[in-house]
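Read off the chains here:
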Amino acid sequence: MQNDVARDTTADDLLGAVEIGRQSGLRYIYAGNLPGQIGQWEDTRCPHCNETLIERYGYLIKHYRLTPDGHCPKCATAIPGRWSASFEGQITSRPFSPRSARLLTIR
Ligand SMILES: [Zn+2]
């Protein structure tokens with residue numbers, strides 16, 4: 001639309017996108033960049049048991065609960081991704097850089 005005014009993305013915009021993703025069957029939805037405004041959608045959860053695996057506030061990783069081989073510690077579901085075998089200082093105010101860590105790929 002030509003009369004639309006550019007505006008910042010709101011939490012409601014992100015939560016609307018989350019719902020579209022959920023209805024489409026996405027298992028790992030991350031709605032970031034509005035720290036503290038989108039509830040659990042900053043976190044990574046197990047698609048099988050809903051355990052919080054990585055809890056975030058913006059770029060800050062508050063808790064990291066994957067097993068050393070990239071599984072959910074509660075139900076042992078393999079979580080696809082590139083995970084560090086141990087917590088290697090990902091708690092930072094800066095974005096996590098995969099190049100700075102030794103990572104394990106789970107498929
Ligand atoms: Zn689980």
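Before reading on, note that the structure itself is shown above.
Presented here is a report on the structure given in the accompanying data block. (Residues numbered from 1 in each chain as written. Predicted model: local features only at pLDDT ≥ 70, side-chain atom pairs only at ≥ 80, totals over all residues. Heavy atoms only, no water.)

### Details of the overall build of the protein
Then comes step 1: Scanning the protein from terminus to terminus reveals one helix and five strands.
Then comes step 2: In the protein, the succession of α and β elements from N to C terminus is α-β-β-β-β-β.
Then comes step 3: In the protein, buried positions account for 30% of the 107 residues.
Then comes step 4: A separation threshold of at least 6 residues defines the contact pool for the protein, and within that pool the share at least 24 residues apart is 31%.
Then comes step 5: Of the roughly 7400 Å² of accessible surface on the protein, 50% is carried by carbon and sulfur atoms. (Helix = DSSP H or I, 4+ residues; strand = E, 2+ residues; numbered from the N terminus. Buried < 20%, exposed > 50% of the residue type's maximum accessible area, 1.4 Å probe, protein only. Contact = heavy atoms within 4.5 Å. Areas by Shrake-Rupley, 256 points an atom, 1.4 Å probe, with all protein chains shown as cover.)

### Brief notes about the coordination of the zinc ion
Then comes step 1: Note on the zinc ion: its protein donors are Cys 46 (SG), Cys 49 (SG), Cys 72 (SG) and Cys 75 (SG). The metal-donor distances range over 2.3 Å.
Then comes step 2: One can describe the donor arrangement at the zinc ion as tetrahedral, given that its four donor atoms subtend angles of 103 to 115° at the metal.
Then comes step 3: Among the residues examined, Cys 49 registers a relative accessible area of 22% and is labelled partly exposed.
Then comes step 4: Look at Cys 75 and you get partly exposed, because its relative accessible area is 27%. (Donors = N, O, S within 2.8 Å, 3.2 Å for Na, K, Ca; no water. Tetrahedral: all angles 85-135°; square planar, octahedral: opposite > 155°, others 65-115°.)

### Observations regarding the sheet that holds strand E3 (residues 60–64)
Then comes step 1: Pairing within the open sheet is antiparallel, and its three strands lie in the order E1-E2-E3. The sheet is open, and its two borders are formed by strand E1 (44–45) and E3, each paired with just one other strand.
Then comes step 2: With two bridges connecting them, E1 and strand E2 (residues 52–57) associate as antiparallel partners. Note on E2: the bridge partner recorded for Thr 44 is Ile 54. (Pairing = 2+ DSSP bridges.)

### Section: the pairing of E3
Then comes step 1: When E2 meets E3, the two strands line up antiparallel, connected through four bridges. Note that in E3 the partner of Glu 55 across the bridge is His 63.
Then comes step 2: In this antiparallel pair of consecutive strands, E2 and E3, the connection spans two residues, and Gly 58 shows a positive phi of 65°.

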